[in-house]
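Residue-level structural notes
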Amino acid sequence: MNKDVVYIEPEEDITDIITKIENSKSKIVALVPPKKAGVFRSIVNIKLITKAGTSSKKTVVLVTTDPSIIKLAAATKMPVTKDLQTAPEIPDADTEIDETEVVDVEDDAEEIEEKDSKKDEDKKTDEDSDDDDSDDEEDEEKESKKDSKARDDDEEEGDDDESEEEEKKSRKGADKKSTKKDFSLNDKEEKKGKLVNSNNPVLKWIGTHKKITAGIGVGLVFLIILGIFAFGVIPAVTITLKLETTTGNFSENVTFTETLTEENISEGKFYIEEKKLESKAEVEFEATGKKNAGEKASGKIKVTHYFPLDEEGGTVPINNGTTFTNSGLTYVVTSGANISWDGDLGAVTNDCENNGTAGWRSRGCAVSATVTVTATEPGAKYNISSTSSGWSPSIGGLDTITNEAMSGGSDRTVTIVQQSDIDEAMKKIATENESTNKEKLLATLSDDSFAISSSFKQTTSDPVSSPKVNEEVEDGKKAKLTVTTTDTIFVIDETKLKEFIAEKAKLQEGYKIYEMNDPFIENFLKVDSGYAGKLKTSYTSGSTITENDVVETVKGKGIGTAKRDLSDNFKGIKTITIDTSAPWVTSVPNNTEKITIKIETEG
C-alpha cells in the first residue's frame, strides 16, 4: 500500500499538520518532524494528531529518533519508525513521559511528586560525594527534617514508611490499568492531601488552590478548542484577480441553418434552434354593444287572393318565414297556410267569398287564409292596432291584407358583446403579454444559449369570448377573453459565437473573450438556404485564466508566495487581492472549499 510522506516545516502549527493529514489521499501518512519541532513536544498535539488520523481513517506514523517525541507517541499508541525503510511499531507503553506535558495535573500529581523527590535524592548523592564536612552537616539537618516529616505523616495516616511506599506502588500499578473515571474519591482526596504537604512549591500551590487549578484546566481546554476553531475552521481566503483587458468592435455577415451537420463556425454558419413557449392569456374587457332584450309582439294576419274566373284556379302558399311589413315594422310568419281554388264555377257560391257582390266576376273569385306572425325584433312599437292598409308582403299574388291587433311587445335595453370589443381586447393582450412572455421564454433558455431577439414571434389561437358576440353581459360584470399564445425565438450556441468572434478578431494566443456587450443580429430574415443576418457587438478580451488554475497554484502557500506565483505563472494580471477571513490567517488553506476565486475585468 502506498504511503504519503509529509515533511513538517518548523513554522507549521498543529492546524497545518492536521489539514495535511486530512487532505492526504493515502491510507498511511508518514510525518517527518524537523529538528526543532516544538509542536511535537506536546502530548495535547500528539493526541490531536492521533484523533485526526482516526477520524479520517488513516494510519499516522512518526518518523523520528527523538526520545521525547517517542515517549509522547507511546502514550497515544502512535506507530513510530526511525526511517522510511524500517517497519513502524508502537513504542513501549511503560515508557516514562515528561509529566509537564500531561493535561490532568491533579490525577497524576503523585507521579510528579515522586519524580521530583527522586531528582532531589540524586542531587543529594552528587553533593555528598563532592562537598566538605560542613555540607555533610547541612545534609544531615535536611535528612533530620525529612525524617521528622515522615514521622508526622505516619502519625496522621496511622501507617509506617514501608507500608506507605507499598501502598503507593500498589496504587500506581492500579492507575496504569484503570481510566481516570475508575479512581475512588478516597484516592483523589489522598492525592490532594499529598499535594498540599509536598515539598515542591508548584505542587503545593496546586493542592491549596484546587478551584483555581480546575479553572485553569477548563481555560486550557477552551483555548485548545478556540485554537482548533481559529486555525482549522475559520481560515478561508478570497482571491480577486483583476485582468488587463482590451475592447473592440465586431461586425460580420453570418448565416444560419436548421441542420446541425451543415454548421461551419469558421465560415460563420451557425446551427439554429427554435424555442417555443405556449401559455394561456386571459383579459377582462368592457362590452359596449347595446340591444333591446324585451318581448316580441305577435298577432294574426288575414290574407286574400282573387283567382280569375277564366282560369282553372290554383294555390298561393304562405310559408313560415314569409315577411309582412307595415310602416317599417316587419313581422314574420310563424304559422303559414295555403290559399287555394279548384276553378269550379258551379261551386262558386261556396268557394268565393265575394260571390254576389257587385263586380265580383270582374275581380275574380276571392279566397282568404289567416296566418300567425311575430315581430322580428322586441319592442313596444310593434304593438299596432288592426288595419288593412300599408301592408307589403314579401311574396306576390296577395291582394288584401288585414291584421288583428298586434300585442305583447316590450322594451328592455341590455349590454352585449360585439366584435369590436373582442378586437380591442386582443390588442390589449398583445401589448401586455408580448414583453412578459418574451422574458418567460428567455428564462427557459440555458446559460450558453444566445437568443436572436429580432426573431421573436407571438401567435394566438382563435379567441374565446364569454359571453359570446351579441350575448348579454350581466349588470356589474365584465366580459372575459381567453386566448392561447405561442411564443417562438431562435437561439444559437453562445460559446461558438464567441469562438467565431475570437477567430475573426484575431485575439493573441492565451487570450479569450470575457464579455460581449449587447450582441445582436441585424436584418435577420429568411433566405433560401435558411436564415441570414449581420452579427454586431463590442467585446472585452483578456488572459485565459480559470478558477481551477488559480486554486492549484495557491493552495497551501503563504499569502506572499501565492501572490508571487500567480504573477509569475499567468500573464495579463493587473492586480491581485487576497482577503483572509481573520487577521491571523497568513496562508492559503489546503482545503479548496475554503478558497473563493473572483476573476474580474477592468471596468
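Further up the page is the structure itself.
No experiment lies behind these values; they were computed from the predicted model shown.

1. Details of the overall build of the protein chain
Looking only at helices and strands, the protein chain features 15 helices and 25 strands. By residue count, 36% of the 603 residues in the protein chain fall in the buried class. A separation of at least 24 residues holds for 71% of the contacts in the protein chain among residues at least 6 apart in sequence. When the accessible surface of the protein chain is totalled, it reaches about 35,400 Å², and 47% of it is carbon and sulfur.

2. Quick look at the packing of helix H1 (residues 14-23) against helix H2 (residues 43-55)
Running from N to C, H1 and H2 cross one another at 20 degrees; their axes reach a closest spacing of 9 Å. The angle between the axes of H1 and H2 places the two elements in the roughly parallel class. Where H1 crosses over H2, the two elements pack in a sense that is right-handed. Within the contact between the two elements, H1 uses Ile-14, Ile-17, Ile-18 and Ile-21 and H2 uses Asn-45, Leu-48, Ile-49, Ala-52 and Gly-53. In terms of residue class, the contact of H1 with H2 is built from seven nonpolar, two polar and no charged.

3. Some remarks on the nonpolar core
In this structure, Ile-301, Phe-324, Tyr-331 and Ile-339 are the most contacted members of the largest nonpolar core, which totals 28 residues. The set of elements that each furnish at least two residues to this core consists of strand S10 (296-307), strand S11 (314-318), strand S13 (329-335), strand S14 (337-341) and strand S15 (365-378). By residue number, the principal contributor to this core is S15, which donates six residues. Within the second largest apolar cluster, 24 residues are counted, among which are Ile-8, Ala-37, Ile-49 and Ile-69.

4. Quick word on the packing of aromatic side chains
By convention here, two paired aromatic rings are described through the distance between centres and the angle between planes. In the structure shown here, the tally under the stated rule is ten aromatic pairs. Their ring planes at 85 degrees and their centres at 5.6 Å tell us that Tyr-331 and Tyr-382 sit as a pair that is edge-to-face. Of the two residues, Tyr-331 is situated in strand S13 and Tyr-382 in the loop between S15 and strand S16 (391-393); the sequence distance between them amounts to 51 residues. For Tyr-331, a relative accessible area of 0% puts it in the buried group.

5. Concerning the environment of Lys-57
Its location among the elements puts Lys-57 in the loop between H2 and strand S3 (59-63). Here the alpha-carbon distance between Lys-57 and Ile-28, two residues 29 residues apart in the chain, equals 9.3 Å.

6. Focus on the state of the cysteines
In total, this model carries one disulfide according to the counting rule given. Paired by a disulfide, Cys-352 and Cys-365 hold their sulfur atoms 1.8 Å apart. Note on the Cys-352 and Cys-365 pair: the S-S dihedral is about -115 degrees, so by sign convention the disulfide is left-handed. In this pair, Cys-352 sits in the loop between helix H10 (348-351) and helix H11 (360-363) while Cys-365 sits in strand S15, placing the two residues 13 residues apart along the sequence. You'll find Cys-352 and Cys-365 in the same group, each marked buried.

7. What to know about the sheet that holds strand S17 (residues 400-403)
Strand order in the open sheet formed by six strands is S16-S12-S13-S15-S10-S17, with antiparallel pairing between adjacent strands. Unpaired on one side and paired on the other, S16 and S17 mark the two borders of the sheet. Going across the sheet, the axis of each strand differs from the next one's by a mean of 35 degrees, ignoring polarity. Taken together, the eleven bridges between S10 and S15 define a ladder with antiparallel strand orientation. Across the sheet, the residue bridging to Lys-296 is Pro-378, located in S15.

8. Quick notes on the pattern of salt bridges
Counted according to the given criterion, the structure contains ten salt bridges. We note a salt bridge from Lys-496 to Glu-263, for which the minimum N-O separation is 2.8 Å. Of this pair, Lys-496 sits in helix H13 (residues 494-505) while Glu-263 sits in the loop between strand S6 (245-257) and strand S7 (269-271), placing them 233 residues apart in sequence. Residue classification places Lys-496 among the partly exposed residues on the basis of a relative accessible area of 25%.

9. A few points about the sheet that holds S6
Reading across the sheet, the four strands line up as S7-S6-S23-S22 and stay open at both edges, with mixed pairing between neighbours. On the outer flanks of this sheet lie S7 and strand S22 (511-527), each paired with one strand and no other. In this sheet, neighbouring strand axes are inclined to one another by 35 degrees on average, regardless of whether the strands run parallel or antiparallel. Against the sheet, H13 contacts S6, S7, S22 and strand S23 (530-543), and its axis sits at roughly 105 degrees relative to S22.

10. Concerning the pairing of S6
With twelve bridges connecting them, S6 and S23 associate as antiparallel partners. Counterpart to Thr-255 in the pairing with S23 is Ala-532. Strand direction decides the pairing type here: S6 and S7, joined by three bridges, are parallel. Opposite Thr-255, over in S7, you have Lys-269 as the bridge partner.

11. A few points about H2
For H2, which comprises 13 residues, the first-to-last C-alpha distance of 18 Å matches the rise-based estimate of 18 Å (1.5 Å per residue) to within 8%. Restricting attention to buried positions, one finds in H2 the residues Ile-43, Val-44, Asn-45, Ile-46, Leu-48, Ile-49, Ala-52 and Gly-53. Following H2 by one or two positions, Lys-57 adopts a phi angle in the positive range, close to 60 degrees.

12. Structural notes on H13
The end-to-end C-alpha separation of H13 is 16 Å, in line with the 16 Å expected for twelve residues at 1.5 Å each. Of all the residues in H13, the buried ones are Leu-497, Phe-500 and Ile-501. Buried residues of H13, viewed axially, fall in a sector of 95 degrees; they line one side. Those residues of H13 that are buried lie in contact with S6, S7, strand S19 (449-460), strand S21 (479-493), S22 and S23. Here H13 starts with a cap whose side-chain oxygen sits 2.9 Å from the backbone nitrogen of Thr-495, and that cap is Asp-493. A positive phi of about 55 degrees marks Lys-506, the residue just after H13.

Parameters and conventions
- Every chain's residues receive numbers from 1 upward, in the order its sequence appears when written.
- Totals for whole chains, interfaces and linings use all residues, but because this is a predicted model, local features are given only for residues with pLDDT of at least 70 and pairs of side-chain atoms are given and counted only at 80 or more.
- As a rule here, side-chain values come from all non-hydrogen atoms in the structure, and water together with hydrogens is ignored.
- Every helix listed is a DSSP run of H or I at least four residues long, and every strand listed is a run of E at least two residues long, numbered separately from the N terminus.
- Note on exposure labels: buried denotes an accessible area under 20% of the residue type's maximum, exposed denotes more than 50%, and partly exposed covers the range between, all computed with a 1.4 Å probe on protein chains only.
- Here, residues are in contact when the closest pair of their heavy atoms is within 4.5 Å.
- Every accessible area reported is derived by Shrake-Rupley at a probe size of 1.4 Å, with residue values counting cover from the shown protein chains alone.
- For every element, the axis is a line fit to its C-alpha atoms; helices are fit only across the contacting stretch, and the angle between N-to-C directions ranges from 0 to 180 degrees.
- Roughly parallel here means an angle under 35 degrees, roughly antiparallel means over 145, roughly perpendicular means 65 to 115, and every remaining angle is called oblique.
- For any helix crossing, the convention is left-handed if the near helix is rotated counterclockwise from the far helix by under a right angle, and right-handed if that rotation is clockwise.
- Charged residues are taken to be Asp, Glu, Lys and Arg, nonpolar residues to be Ala, Val, Leu, Ile, Met, Phe, Trp, Tyr, Cys and Pro, and polar residues to be all remaining types, Gly included.
- Nine residue types can take part in a nonpolar core, namely buried Ala, Val, Leu, Ile, Met, Phe, Trp, Tyr and Cys, and a core is a set of them joined through side-chain atoms within 4.5 Å.
- Any pair of Phe, Tyr and Trp rings, taking the six-membered ring for Trp, is counted once the centres come within 6.5 Å. Such a pair is stacked with planes under 30 degrees apart, edge-to-face with planes over 60 apart, and tilted for the rest.
- Here, the term disulfide refers to a pair of cysteine sulfur atoms separated by no more than 2.5 Å.
- Being paired, for any two strands, means DSSP has found at least two bridges between them.
- A carboxyl oxygen of Asp or Glu within 4 Å of a side-chain nitrogen of Lys or Arg is what we treat as a salt bridge.
- Multiplying one less than the number of residues by 1.5 Å gives the expected span of a helix.
- Of all possible arcs, the one meant is that of the directions from the helix axis to the C-beta atoms.
- Within 3.5 Å is the distance limit for a polar contact, defined as a pair of N or O atoms, with the added protein rule that one can donate a hydrogen and the other accept it, and that residues adjacent in sequence qualify only through two side-chain atoms.

As far as function goes, none of this settles anything; it's purely spatial.
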